[in-house]
Amino acid sequence: KVYPGETIGLVGESGCGKSTLGNAILQLDKATSGSIKYKGKDITNLKKSELRALRKDIQIIFQDPFASLNPRMTVGNAIIEPMKVHNIGNSFEERKEKVLDILTRVGLDTSSFYKYPHEFSGGQRQRVGIARTIALQPQLIVCDESVSALDISVQAQVLNLLNDLKAQFGFTYIFISHDLAVVKYMADQLLVMNKGKIEEIGDADKIYASPEREYTKKLIHAIPKG
């Protein structure tokens with residue numbers, strides 16, 4: 001269960017099923033059994049029109065923002081495109097105004113609107129990816145290894161940005177990472193995954209202070225100290 005306004009950390013080693021679970025929540029991968037409920041409604045078998053509405057509500061921030069941006073499209077148009085699809089704003093000018101405001105909120109210059117993805121650094125591109133996600137005014141955001149490709153110093157900046165945006169907009173995050181130190185910084189609740197199963201679940205601080213399962217102890221023991 002994820003409650004509005006909280007961050008749940010989903011952690012585990014590579015290949016344990018974290019991203020698959022994230023993709024199933026986003027309906028990018030079909031669940032073969034069980035159910036996934038969003039606001040009390042099972043979303044595993046939605047009609048196309050219902051799925052489209054859900055796409056606005058549940059968004060993702062990808063690990064590699066460069067791969068998810070069209071190199072031939074300016075950043076401004078890349079952010080406006082999904083806004084048009086979901087009928088956010090009534091005109092190009094109105095959407096552009098919103099995008100310029102969002103670019104400023106994610107720490108980018110308004111001139112970024114006219115630039116192309118290759119003109120940005122990795123950290124800046126991740127900010128562009130975040131801008132495109134929040135432009136749709138989602139309620140739930142899946143962050144899938146969304147800082148793992150960045151340098152440590154840039155990671156900290158992006159994590160702080162995500163926390164600031166959560167406070168401003170009341171977002172709910174499912175934060176997926178193999179890096180327990182990063183999840184520790186972000187999460188209210190913690191879900192530890194091992195070989196496709198949930199190993200341990202509960203309050204993040206409690207699990208870090210006294211993990212019950214051997215697997216969780218091993219993960220926590222591996223966090224660099226200092």
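Preceding block: the structure.
Residues numbered from 1 in each chain as written. Predicted model: local features only at pLDDT ≥ 70, side-chain atom pairs only at ≥ 80, totals over all residues. Heavy atoms only, no water.

Brief notes about the overall build of the protein chain
When its secondary structure is counted, the protein chain shows nine helices and eight strands. In terms of overall dimensions, the protein chain is globule-like: its C-alpha atoms have a radius of gyration of 18 Å, near the 17 Å expected for 226 residues. Oriented by its inertia axes, the alpha-carbon framework of the protein chain measures out at about 55 × 45 × 30 Å. Put simply, the protein chain has 226 residues, and 48% of those count as buried. (Helix = DSSP H or I, 4+ residues; strand = E, 2+ residues; numbered from the N terminus. Rg over C-alpha atoms; globule rule 2.2 N^0.38 Å. Buried < 20%, exposed > 50% of the residue type's maximum accessible area, 1.4 Å probe, protein only.)

A word on unusual backbone geometry
Residues other than glycine seldom take positive phi values, yet Gln27 does so here, at roughly 65°. One can find Gln27 in the loop between α1 (18–25) and β2 (37–38). Backbone geometry places Asn87, a non-glycine residue, at a positive phi of 55°. Topologically, Asn87 is positioned in the loop between α3 (75–85) and α4 (92–105).

Considerations on the packing of α3 against α4
Where α3 meets α4, the closest approach of the two axes is 10 Å, and the angle between their N-to-C directions is 120°. One finds that α3 runs oblique with respect to α4. As for the relative orientation of α3 and α4, their crossing is right-handed in sense. Only Phe92, Arg95, Lys96, Lys98, Val99 and Leu103 of α4 make contact with α3, whose side of the interface consists of Val75, Asn77, Ile79, Ile80, Met83 and Lys84. (Axes fitted to C-alpha atoms, helices over the stretch in contact; angles between N-to-C directions. Parallel < 35°, antiparallel > 145°, perpendicular 65-115°, else oblique. Left-handed = near helix turned anticlockwise from the far one by under 90°. Contact = heavy atoms within 4.5 Å.)

Quick word on the pattern of salt bridges
By the definition in use, this model includes six salt bridges. Among the ionic pairs, Lys41 bridges to Glu50, the shortest N-O distance being 2.8 Å. Relative accessible area serves as the criterion here: at 27%, Glu50 is assigned to the partly exposed category. The shortest N-O distance in the salt bridge between Lys217 and Glu214 comes to 3.5 Å. On the criterion of helical spacing, the pair formed by Lys217 and Glu214 is a turn pair, its members being three residues apart in helix α9 (residues 214–221). Residue classification places Glu214 among the exposed residues on the basis of a relative accessible area of 59%. (Salt bridge = Lys/Arg side-chain N within 4 Å of Asp/Glu carboxyl O.)

Describing the nonpolar core
Counting 48 residues, the largest nonpolar core has Ile130 and Phe175 as the members making the most contacts within it. Those residues in contact with Phe175 that lie beyond four places of it in its chain are Thr7, Ile8, Gly9, Leu10, Cys143, Ser146, Val147, Leu159, Leu162, Val182, Val183 and Met186. The next biggest cluster of nonpolar side chains, apart from the first, holds 19 residues, and it includes Leu26, Ile43, Ile58 and Val142. (Core = buried A, V, L, I, M, F, W, Y, C linked by side-chain atoms within 4.5 Å.)

Comments concerning the sheet that holds strand β4 (residues 58–61)
What the six strands build is an open sheet, ordered β4-β5-β6-β1-β7-β8; its pairing is mixed. Edge strands, defined here as strands with exactly one partner in the open sheet, are β4 and β8 (197–203). On average, adjacent strands in this sheet sit at an angle of 20° to one another, irrespective of strand direction. Looking at chain direction, strand β1 (residues 7–11) and strand β6 (residues 172–177) are connected through five bridges and run parallel. Each bridged residue has a counterpart across the sheet, and for Thr7 the counterpart in β6 is Tyr173. Across the face of the sheet, helix α6 (residues 152–169) comes into contact with β1, β4 and β6 while running at roughly 160° to β6. (Pairing = 2+ DSSP bridges.)

A look at the pairing of strand β7 (residues 189–194)
Along any regular strand, the residues point their side chains to alternate faces of the sheet. The buried fraction of β7 amounts to five of the six residues, a majority that puts the element mostly inside the structure. Two elements, β1 and β7, share four bridges in a ladder whose sense is parallel. Residue pairing for β7: Leu10 is matched across the bridge by Leu191. When β7 meets β8, the two strands line up antiparallel, connected through six bridges. Its bridge partner lying in β8, Asn194 is registered against Lys197.

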